[in-house]
Amino acid sequence: MRIEEILDCEELSSLQRKILWIARFSWAFVAMEIIIISFTLSLFTKIFNLKGFEIGLLASASLIGNIIGAVIFGGIGDKVGRRPLFQITLLWYSIFTALTSLSNTFYELVILRILAGIGLGGMLVIDPALLSEFLPPKKRGRLMVSLDLFWPIGSFIALLLAYLFLESFNGNWRGLFLAAAFPAFMVALFRLIVPETPFFLAKIGKIEVAASILTKLTGRNIEANSITFAVEEEGSYSELFTFYKRRVIAMLAAWMSLNYTYYGLFLWLPTALNILALYGNNIWFFLVLAFLFQIPGYLSAMFLVEKWGRKSTLTVYLLMSGITGITMALTTNNVLLFTMSMLLVSFFNLGAWGSVYPFTSELFPTKLRGKSFGLAEGTGKVIAVLGPLIFGALYEITGVVTIPLMVTMTIAIVGSIIILIFAPETKKLVFD
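A brief report on the enclosed structure follows. Owing to the predicted nature of the structure, the values given are computational and were not obtained by experimental measurement.

Cut-offs used in this document
- Residues numbered from 1 in each chain as written.
- Predicted model: local features only at pLDDT ≥ 70, side-chain atom pairs only at ≥ 80, totals over all residues.
- Heavy atoms only, no water.
- Helix = DSSP H or I, 4+ residues; strand = E, 2+ residues; numbered from the N terminus.
- Rg over C-alpha atoms; globule rule 2.2 N^0.38 Å.
- Buried < 20%, exposed > 50% of the residue type's maximum accessible area, 1.4 Å probe, protein only.
- Contact = heavy atoms within 4.5 Å.
- Areas by Shrake-Rupley, 256 points an atom, 1.4 Å probe, with all protein chains shown as cover.
- Core = buried A, V, L, I, M, F, W, Y, C linked by side-chain atoms within 4.5 Å.
- Polar contact = N/O pair within 3.5 Å; in protein donor to acceptor, adjacent residues only side chain to side chain.
- Patch = residues over 30% accessible without salt bridge, like charges linked within 9 Å, V, L, I, M, F, W, Y side chains within 5 Å.
- Salt bridge = Lys/Arg side-chain N within 4 Å of Asp/Glu carboxyl O.
- Phe/Tyr/Trp six-rings, centres within 6.5 Å; stacked < 30°, edge-to-face > 60°.
- Axes fitted to C-alpha atoms, helices over the stretch in contact; angles between N-to-C directions.
- Expected span 1.5 Å × (residues − 1).

**Some details on the overall build of the protein**
Thinking step 1. Check the secondary structure of the protein and you find 20 helices and 0 strands.
Thinking step 2. Taken over the C-alpha trace, the protein has a radius of gyration of 22 Å; the compact-globule value for 432 residues is 22 Å, and the two agree within 12%.
Thinking step 3. Within the span of the protein, comprising 432 residues, buried residues form 56% of the whole.
Thinking step 4. Contacts in the protein between residues far apart in sequence, at least 24 positions, make up 83% of those at least 6 positions apart.
Thinking step 5. With an accessible surface of roughly 17700 Å², the protein has 67% of that area assigned to carbon and sulfur atoms.

**Observations concerning the nonpolar core**
Thinking step 1. Phe-39, Leu-58 and Leu-287 are the most contacted members of the largest nonpolar core, which has 137 residues in total.
Thinking step 2. Not counting the four nearest positions on each side in its chain, Phe-39 is found in contact with Ala-158, Leu-159, Ala-162, Leu-166, Pro-270, Trp-284, Leu-287 and Phe-291.

**With respect to the environment of Thr-398**
Thinking step 1. Secondary-structure assignment places Thr-398 in helix H19 (residues 366-398).
Thinking step 2. Among the residues examined, Thr-398 registers a relative accessible area of 35% and is labelled partly exposed.
Thinking step 3. Between the C-alpha atom of Thr-398 and that of Thr-218, which follows or precedes it by 180 residues, the distance is 60 Å.
Thinking step 4. If sequence neighbours within four positions are ignored, Thr-398 has contacts with Ile-403 and Pro-404.
Thinking step 5. A polar contact is formed between the side chain of Thr-398 and the backbone oxygen of Leu-394, at a distance of 2.7 Å.
Thinking step 6. At 3.1 Å, the side chain of Thr-398 forms a polar contact with the backbone oxygen of Val-400.

**What to know about the side chain of Thr-315**
Thinking step 1. Relative to the assigned elements, Thr-315 resides in helix H17 (residues 310-330).
Thinking step 2. Separated by 2.7 Å, the side chain of Thr-315 and the backbone oxygen of Lys-311 make a polar contact.
Thinking step 3. In contact with Thr-315, other than residues within four places in its own chain, are Ser-416, Ile-419 and Leu-420.

**Remarks on a nonpolar patch on the surface**
Thinking step 1. Side chains of Leu-91, Ile-95, Leu-99, Leu-102, Phe-182, Phe-185, Met-186, Leu-189 and Leu-192 sit close together on the surface and give an oily, nonpolar patch of about 800 Å² of accessible area.
Thinking step 2. For the nonpolar patch, the secondary structure elements donating two or more residues are helix H5 (82-100) and helix H9 (173-190).
Thinking step 3. The element that contributes the greatest number of residues to the nonpolar patch is H9, accounting for 4 residues.
Thinking step 4. By the secondary structure assignment, Leu-192 is in the loop between H9 and helix H10 (198-203).
Thinking step 5. In this structure Leu-192 comes out as partly exposed when scored by relative accessible area, which is 49%.

**With respect to the packing of aromatic side chains**
Thinking step 1. For the coordinates displayed, the defined rule picks out 27 aromatic pairs.
Thinking step 2. Ring centres of Phe-44 and Trp-173 lie 4.9 Å apart, and the angle between their planes is 75 degrees; this geometry places the pair in the edge-to-face category. Highlighted residues: Phe-44 in helix H3 (residues 41-48) and Trp-173 in helix H9, separated in sequence by 129 residues. Grouping residues by exposure puts Phe-44 and Trp-173 together as buried.

**With respect to the environment of Arg-142**
Thinking step 1. Examined against the element boundaries, Arg-142 turns out to sit in helix H7 (residues 137-145).
Thinking step 2. Residues Arg-142 and Met-302 lie 160 residues apart in sequence; the distance between their C-alpha atoms is 8.9 Å.

**Thoughts on the packing of helix H15 (residues 283-292) against helix H18 (residues 335-361)**
Thinking step 1. The geometry of H15 relative to H18 is characterised by a closest axis approach of 7 Å and an angle of 35 degrees between their N-to-C directions. Across from Phe-286, Leu-289 and Ala-290 in H15, the residues of H18 making contact are Phe-338, Thr-339, Met-342, Leu-343 and Ser-346.

**Quick notes on H18**
Note: α-helices contain 3.6 residues per turn, so residues at a spacing of three or four share the same orientation.
Thinking step 1. With 27 residues, H18 extends 40 Å between its outermost C-alpha atoms, agreeing within 8% with the 39 Å of an ideal straight helix rising 1.5 Å per residue.
Thinking step 2. H18 sits mainly inside the fold: 22 of its 27 residues count as buried.

**Topic: the side chain of Ser-257**
Thinking step 1. The topology assignment puts Ser-257 in helix H13 (residues 245-266).
Thinking step 2. Owing to a relative accessible area of 3%, Ser-257 belongs among the buried residues under this scheme.
Thinking step 3. Side-chain polar atoms of Ser-257 contact the backbone oxygen of Ala-253, separated by 2.6 Å.
Thinking step 4. Contact partners of Ser-257, with chain neighbours within four places excluded, come to Leu-318, Ile-411, Ala-412 and Gly-415.

Nothing here speaks to function; it is all geometry.
In structure tokens form, the structure reads like this:
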């Protein structure tokens, strides 16, 4: 039997459930680390006398590290295995997040944020690869998408820590970064129970060890001589761009617009609200609502991708996040309307994220799926870096936050239109 067939059980084993939950909590820390800087931008602006572009650079520093880490660790993971890097990347992030608390200058802060981001970038490619190789194929898609449900949870943890250290402890940003590093370090210890994946073990010829791991994963006695390791046919980038050009355009539009709008908006959100001075001491309560609204947005999209279809859900949610975002930018004098529009931006933006994964995975045949996801993630993260930088530059040039807000959310509308024109509906899409 092939490893895929051996893993294809109806119920998850105890070990598979543990690995899944470890990956979910780790994913929450990725979100927490990326978003936590947004709560300190106003404080660092005063401490280091930062301008708009410098604020954007600080907001993007971790994302720059993400790109570097994804390239470095992604290549190494295919050579040395998933498990070693699964242990190293979270520990790397934890150490450099803790060291961030020792920064004394703006550039020290930026460099340490980049270094912490390198660990996160490794997690972004290693964690999904490792998890996918432990899960039953029939349940893999839904369970992989469940990782993203822990993204808003991580953002919410970041908000609670920021309130505790910046509000209750009078701007203690050093304590904030130390506190952010500690739970990630504890989860890194739990990751030690995760074995190497049977796919990688079989790939390097350790069939006996792969059989032992499969026995633990399935609860059945798997003999080494019963395993057939099949390598999937490889596709090429030329095939991707030759035969599926329109779908590539739609895929890139989805990932670029989502990354630009999410990071451009949410990494600047606390600073923008301080500039607008709409909420006073109630800003923390508003931010709690903004992050909480992401969760039903995501859950509703998980339901609608089956009822409406992948393309329809992604297009509608992306379009609505743009429309409500522009409404938010234009109604800053009306606190109630601003609040409602901002909550809807959170709802629709996370809903779009919830639908982009099944949409992307079904656009292309199996042999091109890995390359298409790699292209989407890589391009998306480059654009994610530009979002906060361009937001900061526009704010510095114009002196108001309404213009960068409108530009950022217009990108979502443009992305939804491109998807509508170029993409097919992927639900039940059949390849020849």
